[in-house]
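# Descriptive analysis of the structure
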Amino acid sequence: MDSQPPTDSEVPEDKGQLARRTVLVAGGVAVTAVGVAGALSVSASAQEATTAPPTPTGDTCYTLTSELVEGPYYIDADKIRRDVTEDQEGIPLTLDLTVIDADTCRPLRNAAVDIWHCNATGVYSGYESTGGGGGPAPTGAPPSGTPTGTPTGGPPGGGGGHQEPTDDDRFLRGTWHTDRHGHVTFKTVFPGWYQGRCVHIHVKVHVDGEWTDAGYEGGHTCHTGQLFFDEKSVIATSVLEPYVSNTATRTTLTEDGIYPQNGHEGGLLYLQYDRRRIGRGVRARLTLGVAPDETNEGEGGGGPGGPGGPSTSASPSASPSASAS
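Residues numbered from 1 in each chain as written. Predicted model: local features only at pLDDT ≥ 70, side-chain atom pairs only at ≥ 80, totals over all residues. Heavy atoms only, no water.

## Quick look at the overall build of the chain
For the chain, the helix and strand inventory stands at 1 helix and 9 strands. Counting from the amino terminus, helix and strand elements in the chain follow one another as β-β-β-β-β-β-β-α-β-β. Per-residue burial over the chain gives 54% buried out of 325 residues. Put simply, the chain shows about 13200 Å² of open surface, and 50% of that area lies on carbon and sulfur atoms. (Helix = DSSP H or I, 4+ residues; strand = E, 2+ residues; numbered from the N terminus. Buried < 20%, exposed > 50% of the residue type's maximum accessible area, 1.4 Å probe, protein only. Areas by Shrake-Rupley, 256 points an atom, 1.4 Å probe, with all protein chains shown as cover.)

Below you can see the structure in the form of structure tokens.
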């Protein structure tokens, strides 16, 4: 088997390569922990909204990024690609992630990183016939800086078991490898929202597997988390198309039942954008501190999917015997 990750020439970024990835599920206990911010500095003009992560010092590297629920819309047959946009409209988003071993601070090279999220109107690819966000198509008043009401019960797309896909679309989903510095960059669009959840991106990190012509095979999932956006950025996007067409009641960051309310340790992204022209694009950054020897499939931790609440199950296609969808 060829253990080398795909190169740019091997995997066209505009089309990608449909791959079935097999992830061996080891019997591990999900860890509830706190995270680490990356050593990234950002220079910005007076017109740019930016939050610059601090440089890790002391025991900063010895904390873990929070493990959160996988959610029902994970599909383990994504495309091996960095540009996951396809034909989806929205504000361009560049997502820079760095994966490190939280115990040693060393970057994890050749790890497979998955991301998946809904589009600007709250729809997940593969689940369009269900409304995409765990319920019927969005209805109600447009979002504002002060959302109406506090959702009750488990947020759609957060807890609950895995749901089988209803169609073959795979927009806003993709897998790519980390480089020797533990870095991986995705091109996508700023996510929208659906009733019961704040704006977020799902993420998984897989290690100890091998890159083959079929994608990434073997190994185990050492991190399952979610990435979050601050309220200022979400409000700024909500007045632009196609986000303004999303009429679902919006849940704020503080109202969300999955976000652990612990800042960057829980997945809150560092953002950089021109606050007067956010439509030109947003850059998001975060360092994920993981425990590569642990197995975290997203079956617990954070919100309704945490201890004592309903848990999600890994996608059936995450087992070696499952067929690609």
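The discussion continues.
## Description of the pairing of strand β9 (residues 282–290)
Most of β9 sits inside the fold, with 8 of its 9 residues counted as buried. The sheet contact formed by strand β2 (residues 92–101) and β9 spans 9 bridges and is parallel. Across the sheet, residue Val 99 finds its bridge partner in β9, namely Leu 288. Both strand β8 (residues 270–274) and β9 contribute to a ladder of 3 bridges, which runs antiparallel. Bridging from a neighbouring strand, Leu 271 pairs with Ala 284 of β9. (Pairing = 2+ DSSP bridges.)

## A short note on the packing of aromatic side chains
For the structure shown, the criterion picks out 8 aromatic pairs. Plain terms: the ring middles of Tyr 73 and Tyr 124 are 4.7 Å apart, the flat faces sit at 35 degrees to each other, and that makes the pair tilted. Within this pair, whereas Tyr 73 is found in the loop between β1 (48–50) and β2, its partner Tyr 124 is found in the loop between β3 (112–116) and β4 (173–177), the two being separated by 51 residues in sequence. Here Tyr 73 matches Tyr 124 in class, with each residue buried. Grouped by ring-pair contacts, the aromatic residues Tyr 73, Tyr 124, Tyr 127 and Tyr 194 constitute a single cluster. (Phe/Tyr/Trp six-rings, centres within 6.5 Å; stacked < 30°, edge-to-face > 60°.)

## Some points on the sheet that holds β4
Across a sheet, paired strands are connected by hydrogen bonds in the backbone, their directions being either parallel or antiparallel. The strand order across the open sheet built from 4 strands is β4-β3-β6-β7, with neighbouring strands paired in antiparallel fashion. The open sheet has two edge strands with one neighbour each: β4 and β7 (215–228). For this sheet, the mean angle separating the axes of adjacent strands, direction not counted, is 20 degrees. Pairing between β3 and β4: 5 bridges, direction antiparallel. Its bridge partner being in β4, Asp 114 is matched across the sheet by Thr 175. (Axes fitted to C-alpha atoms, helices over the stretch in contact; angles between N-to-C directions.)

## Some points on unusual backbone geometry
Here Glu 241 and Pro 242 are connected by a cis peptide whose omega angle stands at 0 degrees. Turning to its location among the elements, Pro 242 is positioned in the loop between α1 (231–237) and β8. One non-glycine residue, Cys 105, lies in positive phi territory at about 70 degrees. Here Cys 105 shows up in the loop between β2 and β3.

## Examining the environment of His 202
Take His 202: it is sitting in strand β6 (residues 200–212). Residues His 202 and Gly 225, 23 residues apart in the sequence, show an inter-C-alpha distance of 6.1 Å. A polar atom in the side chain of His 202 sits 3.2 Å from the backbone oxygen of Glu 70. (Polar contact = N/O pair within 3.5 Å; in protein donor to acceptor, adjacent residues only side chain to side chain.)

## Section: the nonpolar core
Counting residues in each nonpolar core, the largest one holds 44 residues, and the members touching the most others are Leu 95, Leu 97, Leu 227, Phe 229 and Leu 288. Broken down by secondary-structure element, the contributors of at least two residues to this core are β2, β3, β5 (183–189), β6, β7, β8 and β9. With near-sequence residues (within four places) excluded, Leu 97 lies in contact with Val 113, Gly 182, His 183, Val 184, Val 203, Leu 227, Leu 286 and Leu 288. (Core = buried A, V, L, I, M, F, W, Y, C linked by side-chain atoms within 4.5 Å. Contact = heavy atoms within 4.5 Å.)

## Remarks on the environment of Ile 235
Within the fold, Ile 235 resides in helix α1. Taking the relative accessible area as the measure of exposure, Ile 235 reaches 32% and is therefore partly exposed. Once the C-alpha coordinates of Ile 235 and Thr 252 are considered, the two residues, 17 residues apart in sequence, prove to be 9.9 Å apart.

## So, the pattern of salt bridges
A pair can form between side chains of opposite charge whenever their charged atoms are brought close. Applying the stated criterion across every chain yields a total of 9 salt bridges. Residue Arg 250 is joined to Glu 231 by a salt bridge in which the shortest nitrogen-to-oxygen separation is 3.0 Å. With Arg 250 in the loop between α1 and β8 and Glu 231 in helix α1, this residue pair connects regions lying 19 residues apart in the sequence. Here the salt bridges share partners, and the residues they tie into one network are Glu 70, Lys 204 and Glu 297. (Salt bridge = Lys/Arg side-chain N within 4 Å of Asp/Glu carboxyl O.)

## Regarding the pairing of β6
Across the 13 residues that make up β6, a large majority, 10, are buried. Both β3 and β6 contribute to a ladder of 5 bridges, which runs antiparallel. Residue Trp 116 lies in a different strand from β6, and its bridge partner there is His 202. Pairing of β6 with β7 involves 12 bridges; the strand directions are antiparallel. In the strand pairing of β7, Val 203 is matched with Gly 225. The loop that links β6 with its antiparallel partner β7 comprises 2 residues.

By themselves these figures say nothing about function.
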